[in-house]
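Residues per chain are reported as follows:
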Amino acid sequence: MLKKLTAINLALLLMVMGYLLFQQVSTPEIAYVRTAEIVAQYKGMQEAQMEFDRKVATLQQQSDTLYSLALNLSNRLKQNSKRLTASEVKTLEMELARRNQEWQQFRQSMQAQMEAEEMKLLGGAIMQINSFVANYGKDKGFEIILGTTEDGNLMYANEGIDITQEVILALNKTHQL
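Residues numbered from 1 in each chain as written. Predicted model: local features only at pLDDT ≥ 70, side-chain atom pairs only at ≥ 80, totals over all residues. Heavy atoms only, no water.

S.K.: Explain helix 3 (residues 43-80) residue by residue, including any values.
M.R.: Given 3.6 residues per turn, any residue in an α-helix points the same way as the ones three and four places further on. In this model helix 3 runs 55 Å from its N-terminal to its C-terminal C-alpha over 38 residues, within 8% of the 56 Å that 1.5 Å per residue would give. For helix 3, the set of buried residues is G44, M45, A48, F52, L59, S63, L66, A70, L73, S74, L77 and N80. In this structure, the buried residues of helix 3 make contact with helix 2 (35-41), helix 4 (86-140) and helix 5 (164-176). (Helix = DSSP H or I, 4+ residues; strand = E, 2+ residues; numbered from the N terminus. Expected span 1.5 Å × (residues − 1). Buried < 20%, exposed > 50% of the residue type's maximum accessible area, 1.4 Å probe, protein only. Contact = heavy atoms within 4.5 Å.)

Now the structure itself:
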């Protein structure tokens, strides 16, 4: 009887150990990163944002110049309309309409340029981050790396599987190379 109990206990122990070993082997490595934090702290994104801001400032300065030319012409027309001949007023009004149209067209073009530049610079940095995280996950043996957003796509996760800071450090280290 004692041998039967020992054999049963041994069998149960082996089954429990086998189950635990299987769980350990079959449990996928899962981690998450705080996406907004990576984007904000990635040096490549910061550089892309500064470059984008410089280009926007240049375009805005050009737009402001065109607007000022149209505004000055409008003010000149208002101030001098009583002293000008009908022909001169008509010429200035046509010039004002042309300047306003030029300014509006530039603003539309500027908007398109800014959107394209944003996609190129900022989108390129986002692609670098995504590619890096994918390779990082493969190199470190992760099955899944989830990215959190402020919209709540990950409502809770143990902080022990948060690898945000180690990803930021590794990402910025590769950016310096």
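S.K.: Residues and numbers for the side chain of T164, please.
M.R.: Relative to the elements of secondary structure, T164 occurs in helix 5. Ignoring anything within four residues of it in the chain, the contact list for T164 reads Y32, V33, R34, E37 and I38.

S.K.: Which residues make up the packing of helix 3 against helix 5, and what are the values?
M.R.: In helix packing, the relevant descriptors are the interaxial angle and the interaxial distance, both defined with respect to the helix axes. Two elements in contact, helix 3 and helix 5, have axes whose closest approach is 8 Å; the angle formed by their N-to-C orientations is 60°. Looking at the two axes, helix 3 sits oblique to helix 5. Here helix 3 contributes K43, G44 and E47 to the contact with helix 5, which in turn contributes N172, H175 and Q176. Looking at the contact of helix 3 with helix 5 residue by residue, the classes come out as no nonpolar, four polar and two charged. (Axes fitted to C-alpha atoms, helices over the stretch in contact; angles between N-to-C directions. Parallel < 35°, antiparallel > 145°, perpendicular 65-115°, else oblique. Nonpolar A, V, L, I, M, F, W, Y, C, P; charged D, E, K, R; others polar.)

S.K.: Got a sec to walk through the pattern of salt bridges? Specific residues and values, please.
M.R.: Evaluated as defined, the whole model comprises nine salt bridges. Each of the salt bridges in this network shares a partner with another, and the network as a whole consists of E51, R54, K55, E117 and K120. (Salt bridge = Lys/Arg side-chain N within 4 Å of Asp/Glu carboxyl O.)

S.K.: Tell me about the environment of R54, and please be specific about residues and values.
M.R.: Its location among the elements puts R54 in helix 3. A distance of 2.6 Å separates polar atoms of two side chains, one belonging to R54 and the other to E51. (Polar contact = N/O pair within 3.5 Å; in protein donor to acceptor, adjacent residues only side chain to side chain.)

S.K.: Got a sec to walk through the packing of aromatic side chains? Specific residues and values, please.
M.R.: Across all of its chains, the model carries two aromatic pairs by this definition. With a centroid separation of 4.9 Å and an interplanar angle of 50°, the aromatic rings of Y67 and W103 are classed as tilted. Separated by 36 residues along the polypeptide, Y67 in helix 3 and W103 in helix 4 bring together distant segments of the chain. Using a relative accessible area of 38% as the deciding quantity, one classes Y67 as partly exposed. (Phe/Tyr/Trp six-rings, centres within 6.5 Å; stacked < 30°, edge-to-face > 60°.)

S.K.: Please provide a residue-by-residue account of the environment of L146, values included.
M.R.: Here L146 is to be found in strand 2 (residues 144-148). Spatially, the C-alpha atom of L146 lies 4.4 Å from that of Y32, the residues being 114 residues apart in sequence. Look past the residues within four positions of L146 in its chain and what remains in contact with it is A31, Y32, V33 and L154.

S.K.: I'd like a description of the nonpolar core, backed by residues and values.
M.R.: Grouped together as the largest cluster of nonpolar side chains are 19 residues, with contacts concentrated most on I38, Y42, I129, Y136, I163, V167 and L171. Those elements giving two or more residues to this core turn out to be strand 1 (30-34), helix 3, helix 4 and helix 5. Broken down by element, the residue count for this core peaks at seven residues, all from helix 4. (Core = buried A, V, L, I, M, F, W, Y, C linked by side-chain atoms within 4.5 Å.)

S.K.: Which residues make up helix 4, and what values go with them?
M.R.: Taking 1.5 Å per residue as the helical rise, helix 4 with its 55 residues ought to reach 81 Å, and the 79 Å between its terminal C-alpha atoms agrees with that figure. The axis of helix 4 is deflected most strongly, by about 30°, at G123. Looking one or two residues beyond helix 4, the residue adopting positive phi is G141, at roughly 80°. (Bend = angle between axes of the 7 residues up to and from the residue.)

S.K.: So what about the packing of helix 4 against helix 5? Which residues, and what values?
M.R.: It is at 11 Å that the axes of helix 4 and helix 5 come closest, and there the two elements cross at 115°. In terms of orientation, helix 4 lies roughly perpendicular with respect to helix 5. The handedness of the crossing between helix 4 and helix 5 comes out as right-handed. Residues I129, F132, V133 and Y136 of helix 4 lie in contact with helix 5, whose contacting residues are E166, V167, A170, L171 and T174. (Left-handed = near helix turned anticlockwise from the far one by under 90°.)

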